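# Structure at a glance
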Amino acid sequence: MNSGVPAVFLDRDGVLIEDTGYPHLEEQLRFVPGAPEAVRRLNQLGFLCVIVTNQSGVARGLFSEDQMKAFNTLIVRKLAAKGAVIGALYACPFHSEGRVEAYIHPDHPDRKPNPGMILRAIADHNIDPAKSFMIGDQPSDMEAARRAGVPGFRFEGGDLLEFVRELLGH
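Everything in this summary refers to the structure shown in the same document. Only a predicted model underlies this, so the values are computations on that prediction, with no experimental measurement involved.

## Some words on the sheet that holds strand 3 (residues 88–92)
Strand pairs in the sheet, formed through backbone hydrogen bonds, run parallel or antiparallel to each other. Spatial strand order, 3-2-1-4-5: five strands in an open sheet with parallel pairing. Bordering the open sheet on either side are strand 3 and strand 5 (152–154), each of which pairs with just one other strand. Across the sheet, the axes of successive neighbouring strands diverge by a mean angle of 20°, strand direction being ignored. With three bridges connecting them, strand 4 (residues 133–136) and strand 5 associate as parallel partners. Pairing of Met 134 across the sheet is with Gly 152, part of strand 5. Against the sheet, helix 3 (residues 116–124) makes contact with strand 1 (7–10), strand 2 (48–54), strand 3 and strand 4, and its axis sits at roughly 150° relative to strand 3, the strand it touches most.

Written out as structure tokens, the structure reads:
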């Protein structure tokens with residue numbers, strides 16, 4: 001019997017922030033309606049919130065890994081300022097069709113639909129998959145969740161807090 005913590009794995013672009021096409025600069029950071037409130041609600045319900053995000057812009061040469069990390073840190077900080085705590089963040093900068101040699105990989109285990117980021121988070125944070133789930137906006141998010149053994153729920157836009165409330169029934 002696993003006595004691990006419950007977690008919600010959240011995709012970044014299109015779920016927490018608006019997908020503006022490889023966002024990586026502060027002026028491109030716009031939260032999806034209800035995103036901070038949804039994370040705060042999940043925190044209140046005892047869920048560890050974990051971001052799992054493909055960031056092929058690094059492999060494509062659109063921004064550096066340091067820029068990606070700084071942008072991710074900014075997202076976490078701005079959410080925290082609204083009382084919404086992200087407990088962990090995993091980002092995969094690899095892509096099979098990258099332009100930056102160090103980030104070209106034919107099928108990196110962390111790149112969704114592969115479950116690597118979710119599985120590492122489960123191991124790193126004593127997460128109980130049976131008490132956890134994923135919210136994503138792409139089929140690759142749903143497939144990564146399935147391969148990791150957690151339910152996946154597809155967010156197709158709108159207000160993330162309303163989506164979470166419907167999902168959890170409160």
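## A few points about the packing of helix 1 (residues 35–44) against helix 5 (residues 160–168)
The interhelical angle for the contact between helix 1 and helix 5, taken along N-to-C directions, is 35°, at an axis separation of 7 Å. Note on element contacts: helix 5 touches helix 1 through Leu 160, Leu 161, Val 164 and Leu 168, opposite Ala 35, Glu 37, Ala 38, Arg 41 and Leu 42. Its residues assigned to classes, the contact of helix 1 with helix 5 shows seven nonpolar, no polar and two charged.

## Notes on the packing of aromatic side chains
In this structure the tally under the stated criterion is four aromatic pairs. Each ring, one from Phe 47 and one from Phe 133, has its centre 5.5 Å from the other, and the planes form 75°; the classification is edge-to-face. Placement of the pair is Phe 47 in the loop between helix 1 and strand 2 and Phe 133 in strand 4, with a sequence separation of 86 residues. Residues Phe 133 and Phe 153 carry aromatic rings whose centres are separated by 5.7 Å and whose planes lie at 80° to one another, so their mutual orientation is edge-to-face.

## Observations concerning the nonpolar core
The biggest cluster of nonpolar side chains holds 28 residues, and the ones touching the most others in it are Leu 10, Leu 16, Ile 75, Ile 135 and Leu 160. Among the secondary structure elements, those contributing two or more residues to this core are strand 1, helix 1, strand 2, helix 2 (65–80), strand 4 and helix 5. In terms of nonpolar packing, the next biggest core, distinct from the first, is built from 25 residues, Met 117, Ile 118, Met 134 and Val 150 among them.

## Let's talk about helix 2
For helix 2, which comprises 16 residues, the first-to-last C-alpha distance of 22 Å matches the rise-based estimate of 22 Å (1.5 Å per residue) to within 8%. For helix 2, the complete set of buried residues consists of Met 68, Phe 71, Asn 72, Leu 74, Ile 75 and Leu 79. Buried residues of helix 2, viewed axially, fall in a sector of 155°; they line one side. Of the exposed residues in helix 2, those oriented more than 90 degrees away from the buried face are Asp 66 and Arg 77. Those residues of helix 2 hidden inside the fold are in contact with helix 1, strand 2 and strand 3.

## With respect to helix 3
Among the residues of helix 3, those classed as buried are Gly 116, Met 117, Ile 118, Ala 121 and Ile 122. Turning to helix 3, the residues buried within the fold contact strand 1, strand 2, strand 3, strand 4 and helix 4 (139–148). Positioned one or two residues after helix 3, Asn 126 has a phi angle of 50°, which is positive.

## Brief notes about the side chain of Asp 137
Mapped onto the elements of the fold, Asp 137 is located in the loop between strand 4 and helix 4. Buried within the structure, Asp 137 lacks any salt-bridge partner; Lys 112 is the closest side chain of opposite charge, at an N-O distance of 6.6 Å. Polar side-chain contacts of Asp 137 include one of 3.4 Å to the side chain of Gln 138. Those residues in contact with Asp 137, other than ones at most four positions away along the chain, are Asp 11, Asp 13, Gly 14, Val 15, Arg 154 and Phe 155.

Rules behind the numbers
- Residues numbered from 1 in each chain as written.
- Predicted model: local features only at pLDDT ≥ 70, side-chain atom pairs only at ≥ 80, totals over all residues.
- Heavy atoms only, no water.
- Pairing = 2+ DSSP bridges.
- Helix = DSSP H or I, 4+ residues; strand = E, 2+ residues; numbered from the N terminus.
- Axes fitted to C-alpha atoms, helices over the stretch in contact; angles between N-to-C directions.
- Contact = heavy atoms within 4.5 Å.
- Nonpolar A, V, L, I, M, F, W, Y, C, P; charged D, E, K, R; others polar.
- Phe/Tyr/Trp six-rings, centres within 6.5 Å; stacked < 30°, edge-to-face > 60°.
- Core = buried A, V, L, I, M, F, W, Y, C linked by side-chain atoms within 4.5 Å.
- Buried < 20%, exposed > 50% of the residue type's maximum accessible area, 1.4 Å probe, protein only.
- Expected span 1.5 Å × (residues − 1).
- Arc of directions from axis to C-beta.
- Lys, Arg positive; Asp, Glu negative; His and termini not counted.
- Salt bridge = Lys/Arg side-chain N within 4 Å of Asp/Glu carboxyl O.
- Polar contact = N/O pair within 3.5 Å; in protein donor to acceptor, adjacent residues only side chain to side chain.

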